Amino acid sequence: MQVLVVGGAGYIGSHMVKQLSRAGHSVVVLDNLSTGFCELACYGELVVGDSADTALLESLFSKHKFDGVMHFAAASLVGESMQHPGKYYRNNVVNTLNLLEVMVRHEVNHFIFSSTAATFGEPVYVPIDEAHPQQPINPYGASKLMIERMLQDFYSAHGLSSVSLRYFNACGADPEGELGECHEPETHLIPLILQAASGRRESITVFGRDYATEDGTCIRDYIHIEDLCSAHALALEALVQGKKQGALAYNLGNGHGYSVQQMIDAVQRVVSEDGCSLIVEEGARRPGDPATLVADATLVKQELGWQPQYAMLDIIIRHAWAWEKRRNAWL
Ligand code: UFG
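Residues numbered from 1 in each chain as written. Predicted model: local features only at pLDDT ≥ 70, side-chain atom pairs only at ≥ 80, totals over all residues. Heavy atoms only, no water.

1. Quick notes on the sheet that holds strand 4 (residues 68-71)
As a general point, the strands of a sheet are linked pairwise by backbone hydrogen bonds and lie either parallel or antiparallel. Rule in force here: Here, any two strands with at least 2 DSSP bridges between them count as paired. For the purposes of this entry, the term helix denotes a DSSP run of H or I that reaches at least four residues, the term strand denotes a run of E that reaches at least two, and both are numbered from the N terminus. Helix axes are fitted only over the stretch in contact, all axes being lines through C-alpha atoms; the angle between N-to-C directions runs from 0 to 180 degrees.
Here seven strands make up an open sheet; going across it, the order is 3-2-1-4-5-6-11 and the pairing parallel. Here the strands that pair on one side only, and so sit at the sheet edges, are strand 3 (45-48) and strand 11 (247-252). Strand after strand, the sheet turns through a mean of 20° between neighbouring axes, direction not considered. Two elements, strand 2 (residues 26-31) and strand 3, share four bridges in a ladder whose sense is parallel.

2. Details of helix 6 (residues 189-198)
Let me state the cut-off plainly: Accessibility here uses a 1.4 Å probe with only protein chains present; expressed as a share of the type maximum, an area under 20% marks a residue as buried, one over 50% as exposed, and anything in between as partly exposed.
Taking burial as the measure, the ten residues of helix 6 include nine buried ones, the bulk of the element. Buried residues of helix 6: Leu189, Ile190, Pro191, Leu192, Ile193, Leu194, Gln195, Ala196 and Ala197, and no others. At the exit of helix 6 stands Gly199, carrying a positive phi of roughly 95°.

3. Notes on the side chain of Glu186
The cut-off we apply is this: Counted as positive: Lys and Arg. Counted as negative: Asp and Glu. His and the chain ends are not counted at all. A carboxyl oxygen of Asp or Glu within 4 Å of a side-chain nitrogen of Lys or Arg is what we treat as a salt bridge. Residues adjacent in sequence count toward polar contacts only when both atoms are side-chain atoms; beyond that, a polar contact is any pair of N or O atoms within 3.5 Å, and within protein one must be able to donate a hydrogen and the other to accept it. Here, two residues are considered to be in contact whenever any of their heavy atoms come within 4.5 Å of each other.
Following the sequence through the fold, Glu186 ends up in the loop between strand 7 (169-171) and helix 6. Although Glu186 is buried, it makes no salt bridge; Arg327 carries the closest opposite charge, 6.0 Å away. In terms of polar contacts, Glu186 uses its side chain to reach the side chain of His183, at 3.2 Å. Within polar-contact distance, the side chain of Glu186 engages the backbone nitrogen of His188 at 3.0 Å. Not counting the four nearest positions on each side in its chain, Glu186 is found in contact with Glu181, Pro191, Leu192, Gln195 and Arg201.

And the structure:
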């Protein structure tokens, strides 16, 4: 297949590009490098540019006959979205609309979309299945839900089939150690704990110990980046081979939650093998954090045949730790 990966120089996109390239597909990466890194775009052909640039999209779609598009480029910080909603509606909604319109003009009808658990808002029940109400509580989640909605209308009107994958907590790194998570600023739990262990930051702060969970810290469903990407590959194959059509959406997680304290304990176990340790500090709750977010991923398993290969927490952390050590050497 020939695939356009928008946002292919970012954390998730770069792993996806590697997986597609390794499977023998031809990949063009479009990334404006605002949060991506050209060092991560080591597979495929990198085009530096933006999905807001209609002329650039037109020339790319004229030059290549894409079988499908995977779209990872987005602003994705919940806190920032509360302060700068316009950035989220423009970057996520408007730019995705631009991309979809170009796809329609060029009759490219297969689209895989990075959606999020943030479209559900405060959980009414867990684990969260696809029937759970979608009531986002921040502009980030709202922007992604608007795109899911647009995709339904683009299917009805133009026959553009799509799969929206609603990620829970993406984590881990390329098992070969070549790629990994790089956010500036970093806000995600696992890289922050690992940075505290490697000495790149002084400590890790636990955001609240008074949640209604067993140890009082928040529970999340951590899914290895390789497993996340394999679901995208299956989704695109299903659309291209005509096994699926419509505007489909699946929740993507392991279906098992770990608390912040369990994550810190697991990291401590892994890094102690290298003689490292970390300082843990107590902090206030972070506004907008639900106590528990766990996916019910039954549907994606049933319908796409997805099976996670790296669900073991220690493996996730070992891969992320290998990357943190490599990245420290990089910096
Ligand atoms: N946490 C800490 N200390 C930190 C950082 C995080 O205790 O320094 C806690 C958070 O409070 C939360 C858990 O660790 O309970 C996980 O936090 P992350 O920031 O790693 O991930 P989130 O669950 O907040 O975010 C994820 C995705 C977002 C998405 C969101 C939707 O990474 O992109 O789920 O709810 F928007």
